[in-house]
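As a plain string of letters, each chain reads:
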Amino acid sequence: MPLKTFDEYVALAEIAHGHMCAGQILGLRLAIHGVNLLQIDDPAGKDRKRLVSFVEIDRCATDAVPIVTGCRLGKRALKFRDFGKVAATFCDLQTDRAVRVVAKESSKQRARELYPQILDKNEQQMRAYREMPAEELFDVQWVRVRLGPEDMPGYKAARVVCAQCGEGVNFKREVVQDGKPLCRACAGERYYEPL
Ligand SMILES: [Zn+2]
Ligand SMILES: [Zn+2]
């Protein structure tokens, strides 16, 4: 079991996220379920180097994941894959196991069934998502995640300078074209247009 009570996690999440909402309750439950399945007792404490988490959406639920797991983007332990799904995968580096937890499509409907008398949808879902058994809230898949050494939190390597723009590229994110190292932007993956 994680060290903190659910209410303690709720309080921490509210501070980090700026408000409390159904998405956060769902995200806390999802992350707690993930670490429980991996049998990691103290994810944000003594076991903090064991976990890497992948999140699949940039919405409220995602902000709850670091609260429980301790995995942060700036520590390279939180990875974002923009699939638009309320889902996350928790990788235990120590046992080389990974579990993907995804919110069921039926959870909103179930919240309506459980608390039809609560008219505010957010309130209705917050209440239901707190109380529903994890099996009703989530689908679980054991998976393999291929994490290269360059994806690990503690990875160290020399920085490469892009042959075109001159900007430094870390963590082997360069692309070699015609024998020259290019950053991904210069290699054609630019998401912005210089003005
Ligand atoms: Zn929110
Ligand atoms: Zn470049």
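Everything here concerns the structure above.
Reading the values: rules and limits
- Residues numbered from 1 in each chain as written.
- Chains lettered and ligands numbered in written order.
- Predicted model: local features only at pLDDT ≥ 70, side-chain atom pairs only at ≥ 80, totals over all residues.
- Heavy atoms only, no water.
- Helix = DSSP H or I, 4+ residues; strand = E, 2+ residues; numbered from the N terminus.
- Buried < 20%, exposed > 50% of the residue type's maximum accessible area, 1.4 Å probe, protein only.
- Contact = heavy atoms within 4.5 Å.
- Areas by Shrake-Rupley, 256 points an atom, 1.4 Å probe, with all protein chains shown as cover.
- Lys, Arg positive; Asp, Glu negative; His and termini not counted.
- Charge placed at Lys NZ, Arg CZ, Asp CG, Glu CD.
- Donors = N, O, S within 2.8 Å, 3.2 Å for Na, K, Ca; no water.
- Tetrahedral: all angles 85-135°; square planar, octahedral: opposite > 155°, others 65-115°.
- Core = buried A, V, L, I, M, F, W, Y, C linked by side-chain atoms within 4.5 Å.
- Pairing = 2+ DSSP bridges.

Within the chain, the secondary structure is distributed over 7 helices and 9 strands. For the chain, the C-alpha atoms occupy an extent of roughly 65 × 40 × 30 Å along the three principal directions. When each of the 195 residues of the chain is scored for burial, the buried share is 42%. Sequence separation of 24 or more characterises 61% of the internal contacts of the chain that already satisfy a separation of 6 or more. Put simply, the chain shows about 11,500 Å² of open surface, and 50% of that area lies on carbon and sulfur atoms. Side-chain charges of the chain comprise 31 positive and 27 negative groups, with the mean position of each set lying 4 Å from the other.

Looking at the metal site, the zinc ion (ligand 1) is ligated by His17 (NE2), His19 (NE2), Cys21 (SG) and Cys60 (SG), spaced 2.2 to 2.3 Å from it. For the zinc ion (ligand 1), the 4 donor atoms are set out with angles of 91 to 137° between them, so the coordination reads as irregular. All donors to the zinc ion (ligand 1) come from one chain, and their sequence spacing reads H-x1-H-x1-C-x38-C. The class for Cys21 is buried, based on a relative accessible area of 7%.

On to the nonpolar core. If you look at the biggest cluster of nonpolar residues, it comprises 38 residues, and the most contacted ones within it are Leu28, Leu51, Val68, Phe90, Tyr129 and Phe138. Going through the elements one at a time, helix H1 (6–17), helix H2 (22–37), strand E1 (51–55), helix H3 (60–69), strand E3 (87–92), strand E4 (97–103), helix H5 (121–131) and helix H6 (134–137) are the ones with two or more residues in this core. Tyr129 has contacts with Ala22, Ile25, Leu26, Arg29, Ser107, Lys108, Ala111 and Leu137, leaving out every residue within four places of it along the chain. Ranked by size, the runner-up nonpolar core spans 6 residues in total, among them Cys162, Cys183, Ala185 and Cys186.

The protein atoms that coordinate the zinc ion (ligand 2) are Cys162 (SG), Cys165 (SG), Cys183 (SG) and Cys186 (SG), at distances spanning 2.3 to 2.4 Å. Coordination at the zinc ion (ligand 2) comes from 4 donor atoms whose angles at the metal span 101 to 115°, giving a geometry best classed as tetrahedral. Sequence positions of the donors to the zinc ion (ligand 2) reduce to the motif C-x2-C-x17-C-x2-C. Of this pair, Cys165 sits in the loop between strand E6 (160–161) and strand E7 (168–169) while Cys186 sits in helix H7 (residues 185–189), placing them 21 residues apart in sequence. Given the relative accessible area of 35%, Cys165 is considered partly exposed.

Of all 7 residues making up E4, 5 are buried, and the element is well covered by its neighbours. As judged from the 6 bridges shared by E3 and E4, these two strands associate in the antiparallel manner. In the strand pairing of E4, Thr89 is matched with Arg100. As consecutive antiparallel partners, E3 and E4 are separated by 4 residues, and within that stretch Asp96 has a phi angle of approximately 60°, a positive value.

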